[in-house]
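Now for the letters of each chain:
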Amino acid sequence: MRPTTKDLAKAAGVSLATVDRVLNGRPGVRRATIEAVNEAIEKIGFVRNISAANLARNRIVRLAFLLPKSGDEFLATMIRNIVEARSAFETESIYVDVRDVLENDPHQITSVLSALNSDSVDGVAIMAAESPQVRDATMRLVERGVHVVELISGQPGAHPTAFVGIDNNRAGATAGRLMGRFLGHRTGEVLVISETMNARDSIERRLGFDEVITNDYPNLTALPSMETYGDPERARAIVENAYRSFDNIIGCYILSSEARAPLEAVAAISNVSDQVIIAHERTRATEAFLRDGTLDAVIAQDPGHLVRSAVRILRANCEGRKTIASQEQIRTEILIEENLN
């Protein structure tokens, strides 16, 4: 049986009320008593049941996912998983909210973050392109007592906030390795398309991709990144211009999360059977393009795992405890037509 608070009080030689004050960090307890309780915790191996304590105090951990206003299939998949998580975590006194409130404007994002404080929310998961303004607003949000995780676009250990997502540099390097192996000894250009290069995930993926292509595949030339800004008409225009300007494009790497519009443009304008095409994230569109042979591979991360991990990390931070690092490791998956299920 796991030691209870009664066992802890007996081991420390104090009352249950005193144990409660120490565990909850309330004032009015002598330092010697606090030390006695902490020593007893170590001695008997007491582990606090945070969920039960929150339930007893009727405390609800309030979490919010702040997502872009504009997006396509991958964003819709994230929202569905957040809604599912809301139901799953309700029984643990965790309220999960989803707000598609962020525009592609660092000043607007800063304004949204500036309106939040610990009176209204305990933790937020932010999916937004990084900029100096957003970074400063995030740090001020942390200073106001709100716990933060960067979702999908970020860098582990770069900031005092947590990051949930794959290692984007390695994901880009994986795309470079697949591109080089699939193309073999062919010589030509590789088109690189992103929604925006202001997003850190796109920057990291591009760096990883370029490192592998430059070092190991001198027969391939990665072209400058082309940005769609999430606009299907712009995607078609830049793709059409690229294939008009370069007559030996033999590969295409779409490195942003929303791949449908650029994939449709590439398929409409060029001969996809003579190219290697690699994209990110599993959506209905990328699945369909894998099945019909337009796409050769998709580098993906599990959106359900992303959401659950963000909730667990935020909850642990709110409750002042650590998470299990291996549980929150987001795996990089490589999908081809044969392993879709």
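Basis of the calculations
- Residues numbered from 1 in each chain as written.
- Predicted model: local features only at pLDDT ≥ 70, side-chain atom pairs only at ≥ 80, totals over all residues.
- Heavy atoms only, no water.
- pLDDT = per-residue confidence, 0-100.
- Helix = DSSP H or I, 4+ residues; strand = E, 2+ residues; numbered from the N terminus.
- Pairing = 2+ DSSP bridges.
- Axes fitted to C-alpha atoms, helices over the stretch in contact; angles between N-to-C directions.
- 1 Å grid on protein atoms, 1.4 Å probe; cavity = no way out; pocket = protein on both sides within 12 Å on 5 of 7 lines; lining within 4 Å.
- Points joined across faces, edges and corners; volume = space filled by probe spheres on them.
- Nonpolar A, V, L, I, M, F, W, Y, C, P; charged D, E, K, R; others polar.

A.B. asks: Is there a simple way to think about the confidence of the model for the chain in this case?
C.D. replies: Keep in mind that low pLDDT regions are not for reading the predicted coordinates in detail. In the predicted model, the chain carries a mean pLDDT of 88, and 94% of its residues have values of at least 70. Mean pLDDT across the elements of the chain bottoms out in helix 4 (residues 50-56) (53) and peaks in strand 9 (residues 249-254) (98).

A.B. asks: Whenever I open this one, the sheet that holds strand 4 (residues 147-151) confuses me. Can you help?
C.D. replies: Strand pairs in the sheet, formed through backbone hydrogen bonds, run parallel or antiparallel to each other. Taken together, 5 strands build an open sheet; the order of strands is 2-1-3-4-5 and the sheet is parallel. A strand with exactly one partner marks an edge of an open sheet, and here the two such strands are strand 2 (94-102) and strand 5 (162-164). Within this sheet the neighbouring strands show an average axis-to-axis angle of 25°, counted without direction. Pairing geometry for strand 3 (residues 123-126) and strand 4, over 4 bridges, is parallel. By the bridge assignment, valine 124 is partnered in strand 4 with valine 148.

A.B. asks: I would appreciate a short explanation of empty space enclosed by the protein in the present structure.
C.D. replies: Regions of empty space are outlined by a rolling probe, equal in size to a water molecule, passed over the atoms. Per the counting criterion, the structure on display carries 1 cavity of 30 Å³ or more. Taken as a whole, the largest cavity spans an internal volume of roughly 120 Å³. Lining the largest cavity are 12 residues, with Ala128, Glu130, Val134, Thr138 and Glu150 positioned closest to its centre. The element that contributes the greatest number of residues to the lining of the largest cavity is helix 7 (residues 132-143), accounting for 4 residues. Its residues placed into classes, the lining of the largest cavity shows 5 nonpolar, 4 polar and 3 charged.

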